[in-house]
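Here is how the chains run, residue by residue.
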Amino acid sequence: MNRDTICVQGGYTPGNGEPRQIPIVQSTTFKYATSEDMGKLFDLEADGYFYSRLQNPTCDAVARKICELEGGTAAMLTSSGQAANFFALFNICQNGDHIVSSSTIYGGTFNLISVTMAKMGIEATFVDPDCSEEELDAAFRPNTKAVFGETIANPALTVLDIEKFARAAHRHGVPLIVDNTFPTPVNCRPFEWGADIVTHSTTKYMDGHGAAVGGAIVDSGRFDWMAHADKFPGLCTPDESYHGITYAERFGQGGAFITKATAQLMRDFGCTPSPQSAFLLNLGLESLHVRMKRHCENGLAVARFLEAHPKVAYVDYCDLPSSPFHALAQKYLPNGSCGVVSFGLAGGREAASTFMKNLKLAAIETHVADARTCCLNPASSTHRQMNDEQLKAAGVPAELVRMSCGLESSEDLIADIAQALDKV
Ligand SMILES: *Cc1c(COP(=O)(O)O)cnc(C)c1O
């Protein structure tokens with residue numbers, strides 16, 4: 001099916017007389033007639049539900065839709081994007097292992113990898129996404145277990161050369177994990193370019209209304225764990241905490257990764273989404289294809305206006321021909337990237353502050369990617385503790401404004417931006 005149709009109808013097909021909309025199964029537990037019936041579920045010998053920390057029918061239906069959208073073989077929801085990225089990495093990395101990651105990734109993920117996972121004994125090497133294949137190869141070690149990057153980085157807006165990163169990962173016998181939050185599968189399907197695992201913060205465009213925090217992990221089913229069994233003992237040798245199951249043998253290439261993440265990590269960490277949140281996420285997914293088109297149209301209209309304005313020093317938006325990422329965007333994101341535009345005001349930090357104070361439609365928020373336009377000056381908020389020099393080094397100079405273009409009329413958005421720039 002076409003992606004547009006999957007957005008609307010994927011993941012759930014009601015039977016005769018059943019609810020047209022995905023039912024919210026707001027139940028922690030499920031009833032069985034015999035202990036033997038339940039035992040089969042615990043042994044992963046039968047399909048079914050027993051406790052909503054591990055699996056729930058509402059969450060599974062929405063995960064199936066995201067799986068179909070990405071073209072994967074298995075998927076799961078998590079309670080946040082942070083949990084999705086943590087699970088995706090920790091499912092194949094343990095104490096003593098190493099990760100290669102693009103350096104331009106979301107701040108929360110950067111902290112997760114560089115600080116919290118380091119405390120677990122998992123080291124990381126960060127590489128410039130623009131690096132050569134040789135530089136990328138040099139980042140690998142014998143104990144490297146995964147490569148990580150974001151299709152469009154938040155907030156740097158760099159575009160990942162997915163094929164280059166996938167080739168390097170596969171040369172070294174490890175999977176490429178891509179966080180596909182900003183483009184969503186409507187604008188890019190990383191599996192088509194060689195990625196093995198995809199993650200999402202569904203909090204952003206997938207939900208699209210700023211209503212529910214959530215995450216998702218999708219497996220392409222293409223990575224041959226058994227061919228690299230020495231690197232991935234968690235998938236390729238018996239799990240003593242699960243009756244000696246060997247996930248890669250029992251569930252095959254298409255099912256092992258998500259089954260292990262559910263049976264082991266969700267069981268032990270419990271980063272479970274609520275069925276109510278999964279329902280809200282599905283409402284967002286039903287219009288994702290229609291909304292992404294509008295977010296991109298508004299992003300491009302705003303970027304073009306800003307680029308031509310004398311008070312604007314520069315604009316970062318990969319759909320502009322002036323962007324250093326334009327060629328990559330044309331390859332990986334031919335239908336548009338997303339609605340997030342970054343730009344610098346010629347007047348510096350003070351100009352950014354005056355500009356934002358005078359906006360009437362765009363609210364000042366740390367959020368991005370929902371129906372209402374919002375903006376942020378990292379220098380005066382998320383990166384407030386840094387001086388101008390440090391801000392520049394971190395890629396968020398003092399004058400930088402990140403604007404997430406919503407679904408309003410682009411004429412109204414541009415008129416609002418124009419009047420706020422006049423006050424600068
Ligand atoms: C927001 C975001 C995350 C974290 O997701 P949460 O749902 O806030 O936990 C991860 N990656 C990217 C690219 C994001 O934008």
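Rules used in this analysis
Residues numbered from 1 in each chain as written. Predicted model: local features only at pLDDT ≥ 70, side-chain atom pairs only at ≥ 80, totals over all residues. Heavy atoms only, no water. UniProt positions renumbered as here; feature names shortened; annotations may be inferred. Buried < 20%, exposed > 50% of the residue type's maximum accessible area, 1.4 Å probe, protein only. Contact = heavy atoms within 4.5 Å. Pairing = 2+ DSSP bridges. Helix = DSSP H or I, 4+ residues; strand = E, 2+ residues; numbered from the N terminus. Axes fitted to C-alpha atoms, helices over the stretch in contact; angles between N-to-C directions. Parallel < 35°, antiparallel > 145°, perpendicular 65-115°, else oblique. Left-handed = near helix turned anticlockwise from the far one by under 90°. Nonpolar A, V, L, I, M, F, W, Y, C, P; charged D, E, K, R; others polar. Near = heavy atom within 4 Å. Polar contact = N/O pair within 3.5 Å; in protein donor to acceptor, adjacent residues only side chain to side chain. Areas by Shrake-Rupley, 256 points an atom, 1.4 Å probe, with all protein chains shown as cover. Expected span 1.5 Å × (residues − 1).

> Hey, could you run me through the UniProt feature "modified residue: N6-(pyridoxal phosphate)lysine" (unreviewed entry) in the protein chain in this one?
Here, UniProt's "modified residue: N6-(pyridoxal phosphate)lysine" (unreviewed entry) annotation points to K204. Judged by relative accessible area, K204 falls into the buried class, the value being 11%. In contact with K204, other than residues within four places in its own chain, are N154, T181, H367, V368 and A369.

> Would you mind showing me how to read the sheet that holds strand 10 (residues 363-364) here?
The strands making up a sheet are joined through hydrogen bonds of the backbone, oriented either antiparallel or parallel. Spatially, five strands are ordered 8-9-12-11-10 in an open sheet, and the strand pairing comes out mixed. Of all strands in the sheet, those with a lone pairing partner are strand 8 (312-316) and strand 10, marking the two edges. Pairing of strand 10 with strand 11 (residues 374-376), which is carried by two bridges, proceeds in the parallel orientation. Bridging from a neighbouring strand, I364 pairs with C375 of strand 11.

> Where do I start with the packing of helix 4 (residues 81-90) against helix 5 (residues 107-119) in this structure?
Each packed pair of helices is defined by two parameters, the angle between the axes and the distance between the axes. It is the contact of helix 4 with helix 5, at a shortest axis distance of 10 Å, that shows an interaxial angle of 45°. Comparing the axis directions of helix 4 and helix 5 gives the class oblique. The chirality of how helix 4 crosses helix 5 is right-handed. For the pair helix 4 and helix 5, contact is made by Q82, N85, F86, L89 and F90 and by G108, T109, L112, I113 and M117, respectively. Split by residue class, the contact of helix 4 with helix 5 holds six nonpolar, four polar and no charged.

> Whenever I open this one, the site of the ligand confuses me. Can you help?
As a structural note, the neighbourhood of the ligand is formed by 16 residues, with N154, D179, S201, T203 and K204 the closest of them. Here an oxygen atom of the ligand sits 2.8 Å away from a polar atom, N or O, in the side chain of N154. Expressed as a share of its isolated accessible area of 380 Å², the protein-covered part of the ligand is 92%. In terms of residue count, the dominant contributor to the shell around the ligand is helix 4 (three residues). Looking at the shell around the ligand residue by residue, the classes come out as three nonpolar, 10 polar and three charged.

> Looking at this structure, I do not really get helix 3 (residues 57-70). What am I missing?
Every α-helical turn comprises 3.6 residues, leaving residues that sit three or four positions apart pointing alike. End to end, helix 3 covers 20 Å across 14 residues, agreeing with the expected 20 Å (1.5 Å per residue, within 8%). Along helix 3, 11 of the 14 residues are buried, which leaves the element largely enclosed by surrounding structure. The complete set of buried residues in helix 3 reads T58, C59, D60, A61, V62, A63, K65, I66, C67, L69 and E70. Where helix 3 is buried, its residues contact helix 1 (3-9), strand 1 (74-78), helix 8 (184-187), strand 6 (197-201), strand 7 (215-219) and helix 12 (275-285). For helix 3, the N-terminal capping position is held by N56, with its side-chain oxygen 2.9 Å away from the main-chain nitrogen of T58. Immediately beyond the C-terminal end of helix 3, within one or two residues, lies G71, with a positive phi of roughly 75°.

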